[in-house]
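# Working through the structure, step by step
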Amino acid sequence: MTDAAPAPRPRSQGRAIWDQFRTHKGALFGLIVLCLLVLFVVIGPLVWQPEKLRVAEALKVRNLGPSWRFPLGTDQLGRDMLYRMMQAGKVSLAVGFIAMMIAIFVGTTIGVLAGYFRPLDGPLMRLTDMFLALPLVPLLLVLVMLFRDRIAGSLGPETGAFVLIVFAIGITSWMQAARIVRGEVLALREREYVLAARSIGAAPRRIIFRHILPNVISPVMVAATLGVAEAIITESVLSFLGLGFPPDFPTWGRLLYDGLQYMQLYPERVLWPGLAISLTVLAVNYIGDGLRDALDPRIRGR
Amino acid sequence: MLTFTLRRLLLAIPTLLFISLVIFLLVDLAPGSPLSEIPLTVPPEVRQKMIEAMGADQPVLVRYLLWLRQFFWVEPATLIDGWFGTSLAGGEQRILSWQTRSPVFTMIGQRIPQTLTVVGTAYLLGVLIALPIGIYSAYRQYSWFDQAGTLFAMIGFSVPTFFTGTLLIIIFAVWLPWFPTKYDTNLTVTDWQSFVQQVRQMALPVLTLALANAAAISRYMRSSMLDNMGQDYVRTARAKGMSERTVVLKHVLRNSLIPVVTVIALGIPAIFGGAIITENLFGVNGIGAALILAIHASDLPTVQTLAFIFAVLIVLFNLIADILYGLLDPRIRYD
């Protein structure tokens, strides 16, 4: 997973990065945990098929504790918690990854434009500063509240909620990436090889894609990893405040929110989703930490 | 320093105007506006009257300027009138909540003490926990204490506050009935007994917020201490024969605190945002809870005003952090 990451280059570099990455115990732990979690939500639903219950049967098995039939028990409507955890995890992780990709795409584009084209630098960075001053949580809540019904009307409640939340998180978290990329590009564009490329008449587009972008990949990857964690937390905050996903299309945050009412009687219904969120974020943060060390050639000591 | 401060103050104005415009337009142009939520059984002429009464039939620009005027002129003027008995505001229309028909700022004024008590105590406690951890972690780098501190910080970053909060409730309020699960806003501290009760009900929300903040600040403290530990002046101080205590707690700590102080200032607006979650979880009746209430009730003026207050806090504390940095560190005078 990691050694293939930094662009198609000779294998030796990927090898060196992987070797450095492996020495970071936390990062290795994070990678293993994240892989397990991904397996759990992707392979899990294929392996674990809960029995199809009719409504009358489901009502009889409400609020059960863990058993062989329902390893994590059932919820207040007699639904299998293990299966719901898998479903919810799939959505949570998907939100995290896709929102991160939007944020990185927007951030990199703005960062490169600001760093490479001087006249754009001022306006774009001022825009970034202004976005950084926006109160994000209140704004996201307002966005979701105002646009939920309209988008649900045109895309259906499930896709609607997904598109809205992913998009909202994506366009409010690109600022860090933009700043990092701009800084890197500002330094790179003064390097001799860029000058050489320009002197043989390469177009800006070619210089950017061929010479600059491959060199900003390392910091962008670290920012992307941490962005996944950020996006998962933001989504679960929205769900936690009741402004996220609908209950029949849950995420881990939504499961936790649903479990809150039953917290006194069935605390495990809050614990499992909460643990899942925390473990994912912890794993992703550790991976980001390890990647930062592994992708930095000065630390790698070659 | 003065010119720098003035320049930053001037720069803050367009930023605030931009943010206010974004917030206003976002809320105003959205499809789910409360005008569409007037029941269809209401006759058209009554509907028209309701819309007029809310002032929603004016053009966007007019409403935006009116809102700005209310926010920046009428409200402060009313506040000054209230303090000194003047009549600056002259009975002009204030920002009214659509839920209660009362001025939004009156509601904020009632609720902000709740938020400040909980959030303020939590931040203070967080800083008080974080600084010693950071200092000792740096002083004994790579010791078991440092490793534990790193783990603590990593967990503090990763576990979202709503989960730490629920965990604390389950452990300390449900299993061990030491603290109440809900915060009682009506409690007034009059004697020792009610004071103890107040402390008990504040314990869990404050701890939740404090842990999250302590994690981040302790990391900054540690790395700032490490930066300074290897400096020449530290070696000089040791060579002069000063006690280890003086070297670390006087020379190194003072210099290391400079960036940490700005980080602490920068973190204050974020903690108001984070308090939205904690307030909802524990039922603290502060401005975060008010925001959620207003959002669920589609109370646009309250939402706009509260969101804008959060933005003002961010801009203000960014400014304070910048100025503090210049004041504390003579090497970084901006002019």
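Numbers given for residues are sequential positions, taken from 1 along each chain in its written order. Both sets of labels track the order of writing: A upward for chains, 1 upward for ligands. Given that this is a predicted model, residues contribute local features only at a pLDDT of at least 70 and side-chain atom pairs are listed and counted only at 80 or more, while totals for whole chains, interfaces and linings are drawn from all residues.

## Some points on the overall build of chain B
How we decide: Strands here mean DSSP runs of E at least two residues long; helices mean DSSP runs of H or I at least four residues long; both are numbered from the N terminus. As a rule, residues whose C-beta atom has 12 or fewer other C-beta atoms within 10 Å are exposed, those with 20 or more are buried, and those in between are partly exposed; C-beta atoms are placed from the backbone. C-beta atoms are first placed from the backbone for all residues, and any pair lying within 7 Å is then listed as a contact.
Looking only at helices and strands, one finds 11 helices and 0 strands in chain B. For chain B, the N- to C-terminal ordering of α and β elements is α-α-α-α-α-α-α-α-α-α-α. Relative to its full complement of 335 residues, chain B shows a buried share of 34%. Taking as baseline every contact in chain B between residues at least 6 positions apart, the subset at least 24 positions apart corresponds to 71%.

## Side note on the overall build of chain A
Of the regular secondary structure elements, chain A holds 14 helices and 0 strands. Starting at the N terminus, the α and β elements of chain A follow one another as α-α-α-α-α-α-α-α-α-α-α-α-α-α. Residues classed as buried in chain A amount to 43% of the 302 residues present. Long-range contacts, defined here as pairs at least 24 residues apart, represent 69% of the contacts in chain A between residues at least 6 apart.

## Section: helix 5 (residues 144-158) of chain B
Stated precisely, the cut-off is as follows: Expected helix span is taken as 1.5 Å per residue step, with the number of steps being one fewer than the number of residues.
The end-to-end C-alpha distance of helix 5 of chain B, which contains 15 residues, comes to 21 Å, matching closely the 21 Å that a straight helix rising 1.5 Å per residue would cover. Within helix 5 of chain B, burial applies to Gly 149, Ala 153, Gly 156 and Ser 158 of chain B. Buried residues in helix 5 of chain B make contact with helix 13 (268-295) of chain A together with helix 4 (104-139) and helix 7 (192-229) of chain B.

## As for the nonpolar core
Where we set the bar: In plain words, the nonpolar core is the set of buried Ala, Val, Leu, Ile, Met, Phe, Trp, Tyr and Cys residues that C-beta atoms within 7 Å link up.
Ranked by size, the top nonpolar core spans 151 residues in total, and within it Ile 165 of chain A together with Ala 311 of chain B carry the most contacts. When residues in this core are grouped by element, the largest group, 17 residues, is from helix 11 (residues 204-240) of chain A.

## What to know about the interface of chain A and chain B
Quick reminder of the rule: Amino acids are sorted into nonpolar (Ala, Val, Leu, Ile, Met, Phe, Trp, Tyr, Cys and Pro), charged (Asp, Glu, Lys and Arg) and polar (every other residue, Gly among them).
Facing 31 residues of chain A, the contacting portion of chain B comprises 36 residues. Those elements giving two or more residues to the side of chain A that touches chain B turn out to be helix 7 (136-155), helix 11 and helix 13 of chain A. Residue contributions to the side of chain A that touches chain B peak at 11 residues, all from helix 7 of chain A. Of the residues assigned to the side of chain A that touches chain B, the class counts are 24 nonpolar, 5 polar and 2 charged.

## Re the confidence of the model for chain B
Operational definition: On a range of 0 to 100, pLDDT expresses the predictor's confidence in each residue.
Of the residues in chain B, 92% have a pLDDT of 70 or more, and the chain-wide mean is 81. Per-element confidence in chain B ranges from a low mean pLDDT of 75 for helix 2 (residues 44-53) of chain B to a high of 88 for helix 8 (residues 232-239) of chain B.

## Describing unusual backbone geometry
Although it is not a glycine, Tyr 142 of chain B sits at a positive phi angle of roughly 70°. Inspection of the secondary structure puts Tyr 142 of chain B in the loop between helix 4 and helix 5.

## Observations concerning the environment of Val 220 of chain A
Residues and elements named next belong to chain A. Within the secondary structure, Val 220 sits in helix 11. Classification of Val 220 as buried rests on a count of 20 C-beta atoms within 10 Å. Filtering out sequence-adjacent residues up to four positions away, Val 220 remains in contact with Ile 104, Thr 108, Ala 177 and Val 181.

## What about helix 7 of chain B?
Since there are 3.6 residues in each turn of an α-helix, residues three or four apart along the chain are aligned in direction. Using the following cut-off: One axis fitted to the seven residues ending at a residue, another fitted to the seven starting there: the angle between these axes is the bend at that residue.
Given a rise of 1.5 Å per residue, 38 residues ought to cover 56 Å, yet the end C-alpha atoms of helix 7 of chain B are separated by just 46 Å, more than 12% below that figure. Along its length, helix 7 of chain B shows its largest kink, about 40°, at Ala 203 of chain B, and proline Pro 205 of chain B lies within four residues downstream of that point.

## Remarks on the packing of helix 13 of chain A against helix 5 of chain B
The criterion, for reference: Every angle, taken between N-to-C directions, lies between 0 and 180 degrees, and every axis is a line fitted to C-alpha atoms, over only the stretch in contact when it is a helix. Oblique is the label for every angle not falling under 35 degrees (roughly parallel), over 145 degrees (roughly antiparallel), or within 65 to 115 degrees (roughly perpendicular). For any helix crossing, the convention is left-handed if the near helix is rotated counterclockwise from the far helix by under a right angle, and right-handed if that rotation is clockwise.
As a packed pair, helix 13 of chain A and helix 5 of chain B sit with axes 8 Å apart at the nearest point and diverge in direction by 125°. By the angle between their directions, the pair helix 13 of chain A and helix 5 of chain B is classed as oblique. Relative to helix 5 of chain B, helix 13 of chain A is oriented so that their crossing is right-handed. The residues of helix 5 of chain B that touch helix 13 of chain A, namely those facing Ser 278, Val 281, Leu 282 and Asn 285 of chain A, are Met 154, Ile 155, Phe 157 and Ser 158 of chain B.

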